[in-house]
Amino acid sequence: GSHGLEILHLKYVDDELGSDPSRDGLAPEPLRPGSSHERVLTGVAASLPPGPFSVDIPTGPSQVTRVACPLAPPRLEGMKVVGDANVPASKLSFVVDSSTEFDPAERLALDHRLVVAFPPEGAVIADLGLRHHNIAAWYRGMGQINRIQGVWEPDWVGIDFLVYRSGPAGFSVLWDERGEVIRHIIDFNKLVLDDS
């Protein structure tokens, strides 16, 4: 990511009572509708206020803190394991509405802003048209942006969540802030842990 190494833990939540452990981890597929929730996020930058939904954030060995979440289940939650200047460790980076899958061609046609990635070597333009045929699934969601370093007062903004068929990146988060002339994309690779 643009602020150094970003490591996330992905957790699939199918209802407000908790997660489905078989869907947790760093492999977000498949995300399929299976709930009565029919929230559809439309438009280029869907903006939702925090709803009556919640997320349990571990704060100690046997403690959790419940925080507001803008999306109802079923959802995929991306929590920071290693934090950065925008989102500290143990905070939600984003949530994805997994009840509705979008057509990648339609989503690409809706927004023609420049997409930029910020790898350690510097800014790079990301041509989503070249990725189009490798996108297996496209979802919408909300991500947290903390505008003042050192003070945790985040805003929820729209995101697109892209899952790939193959390649080095397993998925990408495409930030969709209203009023911005560019969009920021972060590509995530699966972290392979050595058992030795």
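Placed above this text is the structure.
Nothing here was measured: the structure is a model prediction, and the numbers come from that model.

S.K.: What is the right way to look at the overall build of the protein in this model?
M.R.: When helices and strands are tallied, the protein shows 2 helices and 12 strands. When the helices and strands of the protein are read in sequence order from the N terminus, they spell out β-β-β-β-β-β-α-β-β-α-β-β-β-β. Scored against the burial criterion, the 196 residues of the protein give a buried share of 42%. Total accessible area computed for the protein in this model is approximately 10300 Å², and 56% of it derives from carbon and sulfur atoms.

S.K.: Could you clarify how one ought to interpret the nonpolar core in this entry?
M.R.: Generally speaking, a soluble globular protein has its nonpolar side chains buried in company with each other. Among the nonpolar cores identified, the biggest contains 18 residues, and Phe94, Val96, Phe161, Phe171, Val173 and Trp175 are the most heavily contacted of them. Elements that contribute at least two residues to this core include exactly β1 (7-15), β6 (92-102), β9 (135-145), β10 (155-164), β11 (171-176) and β12 (182-188). Here this core takes 4 residues from β10, the largest share from any one element. Residues contacting valine 96, with those up to four places away along its chain left out, are Leu71, Pro74, Arg75, Leu76, Tyr139, Arg140, Gly141, Ile159 and Phe161. Listed in part, the 13 residues of the second largest apolar core include Leu108, Val115, Trp138 and Tyr164.

S.K.: How should I be thinking about the side chain of aspartate 97 in this particular structure?
M.R.: Within the secondary structure layout, aspartate 97 lies in strand β6. Of the residues examined, aspartate 97 reaches a relative accessible area of 6% and is grouped as buried. A polar contact is formed between the side chain of aspartate 97 and the side chain of serine 99, at a distance of 2.6 Å.

S.K.: Which parts of the structure should I look at to understand the packing of aromatic side chains?
M.R.: Taken as a whole and assessed by the stated rule, the structure comprises 4 aromatic pairs. Taken together, Phe94, Phe161, Phe171 and Phe188 form an aromatic cluster joined through their ring pairs. Geometry around phenylalanine 102 places arginine 107 over its ring, the cationic atom sitting 5.5 Å from the centre.

S.K.: How should I be thinking about the pairing of β10 in this particular structure?
M.R.: In summary, the side chains of a regular strand alternate between the two faces of the sheet. Burial of β10 is extensive: 9 of the 10 residues sit out of reach of the surface. Note that β9 and β10 share 10 bridges and pair antiparallel. Considered in β10, the bridge of arginine 140 is made with aspartate 160. Relative to β11, β10 is paired through 6 bridges, and the arrangement is antiparallel. Directly across from glycine 158, in β11, lies its bridge partner aspartate 176.

S.K.: Mind showing me how you'd approach the pattern of salt bridges here?
M.R.: Scanning the entire structure with this criterion turns up 12 salt bridges. Each of Arg107, Asp111, Arg113, Arg140, Asp160, Asp176 and Arg183 takes part in one network of salt bridges that share partners.

What counts, and at which threshold
- Residues numbered from 1 in each chain as written.
- Predicted model: local features only at pLDDT ≥ 70, side-chain atom pairs only at ≥ 80, totals over all residues.
- Heavy atoms only, no water.
- Helix = DSSP H or I, 4+ residues; strand = E, 2+ residues; numbered from the N terminus.
- Buried < 20%, exposed > 50% of the residue type's maximum accessible area, 1.4 Å probe, protein only.
- Areas by Shrake-Rupley, 256 points an atom, 1.4 Å probe, with all protein chains shown as cover.
- Core = buried A, V, L, I, M, F, W, Y, C linked by side-chain atoms within 4.5 Å.
- Contact = heavy atoms within 4.5 Å.
- Polar contact = N/O pair within 3.5 Å; in protein donor to acceptor, adjacent residues only side chain to side chain.
- Phe/Tyr/Trp six-rings, centres within 6.5 Å; stacked < 30°, edge-to-face > 60°.
- Lys NZ or Arg CZ within 6 Å of the ring centre and 35° of its normal.
- Pairing = 2+ DSSP bridges.
- Salt bridge = Lys/Arg side-chain N within 4 Å of Asp/Glu carboxyl O.

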